[in-house]
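Analysis of the macromolecular model
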Amino acid sequence: MKKILTVQDISCLGKCSTTVALPLISAMGVETVILPTAVLSTHTMFKGFTCKDLSDQIEPITAHWKKENVHFDAIYTGYLGTIAQIGQMEKLFDDFKSKDTLIFIDPVMADNGKLYPAFNMDYVKKNAELCGKADIIVPNITEASLMTGMPYKEHYDEQYIKDLLDGLTKLGAKIAVLTGVSLSEGKTGVYGYDTEKKEYFKYQNDRVDASYHGTGDIFSSVCVGAIMNGLSWQQAMKIAADYTAQTIKVTVENPEKPWYGVDFETTIPILTDIIRAYRYY
């Protein structure tokens, strides 16, 4: 059985980060090891949330793993709360990356043209350095524009997306994939570039007219889980895009109208059926 380490916060209530990654990747038949960067009472869309930084626990936990000769088939990082934690991830990669370890980074820090309130451009620069150590990175357009120094555009053409990908791969990542790329009205999806094969990949599905916290975490978690099941990164991106869209659609149709996260628990059987089908295709 493959083994993934996922490094991100635990929002006890909110359906995001670790509380999404752990059940989804596990449901895909992959052992999921967690390294919490912080514990929050809820995710940050709630008012008055509590937060306990766990930076001081990262080194002793990973030191114990080294003594136990733990090997990871993939290391997947999500939300990192501080510049210091990014530095800790660089050391973690050095300590645990072997020839067959996939480094997958979701550089969570911005959206809709703006940095999240807790971050600044020093954080962006450090995150860009970390992305340079990755096999696969999956920023959104805002994050990509910040890391590459290109202007953020709400309306763009395909060449703009290719220019962003070029800038991202120059950071050092082997494969860069932009999320939330809309190439025509009513569509959204992903656009990636593989530096080794010098190939582009794009996939578009129908846009669901709703926005929920944690959907990026669902996308990234499903990507990593699919790759660990032997699928290509292109297949993984397609599955993740479709599954995320389907989960949003199911949530929109829920008469209880949940607001703080999507009903991914309801759609897990759909995901496992998809993975099973690909295994035997």
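What comes next concerns the included structure. Sequence order sets the numbering: in each chain, residues are counted from 1 along the sequence as written. Note on the predicted model: pLDDT of at least 70 is required for a residue's local features to be given, and 80 or more for side-chain atom pairs to be given and counted; whole-chain, interface and lining totals, by contrast, use all residues. Based on all heavy atoms of the structure, the side-chain values leave hydrogens and waters out of the count.

**Here's the deal with the pairing of strand 4 (residues 74-77)**
The condition that has to hold: Note on classification: 1.4 Å probe, protein chains only; a residue is buried when its accessible area is under 20% of the maximum for its type, exposed when over 50%, partly exposed between these limits. The way it works is that DSSP assigns letters per residue, a run of H or I at least four long becomes a helix, a run of E at least two long becomes a strand, and they are numbered from the N terminus. The pairing criterion for strands is at least two bridges between them, as found by DSSP.
The side-chain alternation of strand 4 yields two buried faces, one formed by Ala74 and Tyr76 and the other by Ile75 and Thr77. Of the pairings in the sheet, the one linking strand 1 (residues 3-13) to strand 4 comprises four bridges and is parallel in character. Among the inter-strand pairings, Val7 is bridged to a residue of strand 4, identified as Thr77. Here strand 4 runs beside strand 5 (residues 102-105); their pairing, made up of four bridges, is parallel. Directly across from Ala74, in strand 5, lies its bridge partner Leu102.

**Section: helix 3 (residues 83-96)**
Note the threshold: Take the number of residues in a helix, subtract one, and multiply by 1.5 Å to get its expected span. Working definition: the arc comes from the directions between the helix axis and the C-beta atoms, pointing outward to the latter.
Spanning 14 residues, helix 3 covers 20 Å between terminal C-alpha atoms, matching the ideal 20 Å at 1.5 Å per step. Here helix 3 has its buried residues at Gln85, Ile86, Met89, Glu90, Leu92, Phe93 and Phe96. Seen end-on, helix 3 carries its buried residues on one side only, within an arc spanning 165°. Every exposed residue of helix 3 that faces more than 90 degrees away from the buried side is listed here: Ala84 and Asp94.

**Structural notes on the packing of helix 3 against helix 4 (residues 121-131)**
Between two packed helices, the angle of one axis relative to the other and the distance separating the axes together describe the packing. Cut-off, in case you're wondering: A fitted line through C-alpha atoms represents every axis, and for helices the fit uses only the stretch in contact; the resulting angles, taken between N-to-C directions, go from 0 to 180 degrees. To sort the angles, those under 35 degrees are grouped as roughly parallel, those over 145 as roughly antiparallel, those from 65 to 115 as roughly perpendicular, and the leftovers as oblique. Note on contacts: a residue pair qualifies if any of its non-hydrogen atoms lie within 4.5 Å across the two residues. Residues are grouped as follows: Ala, Val, Leu, Ile, Met, Phe, Trp, Tyr, Cys and Pro are nonpolar; Asp, Glu, Lys and Arg are charged; all remaining types, including Gly, are polar.
Their axes nearest at 9 Å, the elements helix 3 and helix 4 cross at an angle of 10°. With respect to each other, helix 3 and helix 4 are oriented roughly parallel. In contact with Ile83, Ile86, Gly87, Met89, Glu90 and Phe93 of helix 3, helix 4 contributes Asp122, Tyr123, Lys126, Asn127, Glu129 and Leu130. Residue composition of the contact of helix 3 with helix 4, by class: six nonpolar, two polar and four charged.

**A look at the packing of helix 8 (residues 233-252) against helix 9 (residues 264-279)**
Heads up, the rule is: Here a crossing is called left-handed whenever its near helix is offset anticlockwise from the far helix by less than a right angle, and right-handed whenever the offset is clockwise.
Contact pair helix 8 / helix 9: the axes reach a minimum separation of 10 Å and the direction vectors enclose 155°. Judged on the interaxial angle alone, helix 9 and helix 8 are roughly antiparallel. For the pair helix 8 and helix 9, the crossing hand works out as right-handed. Along its contact with helix 8, which presents Gln235, Lys238, Ile239, Tyr243, Gln246, Thr247 and Val250, the element helix 9 presents Phe264, Thr266, Thr267, Ile268, Ile270, Leu271, Ile274, Ile275 and Tyr278.

**Overview of the packing of aromatic side chains**
As a reminder of what qualifies: The criterion for an aromatic pair is that two Phe, Tyr or Trp rings (for Trp, the six-membered ring) have centres within 6.5 Å, with stacked assigned to planes under 30 degrees apart, edge-to-face to planes over 60 apart and tilted to the rest. Placement of a charge over a ring requires the Lys NZ or Arg CZ to be within 6 Å of the ring centre, with the centre-to-atom vector within 35 degrees of the ring normal.
Using the criterion set out here, one finds 13 aromatic pairs in the structure. Both rings, one in Tyr191 and one in Tyr200, keep their centres 6.1 Å apart while their planes meet at 80°; by these two values the pair is edge-to-face. The exposure class of Tyr200 is partly exposed, given its relative accessible area of 41%. In textbook terms, an aromatic cluster arises when at least three aromatic residues are bridged by ring pairs, as seen for Phe46, Trp259 and Tyr260. In this arrangement the basic side chain of Lys162 is found over the ring face of Tyr200, its NZ or CZ atom lying 4.8 Å from the centre.

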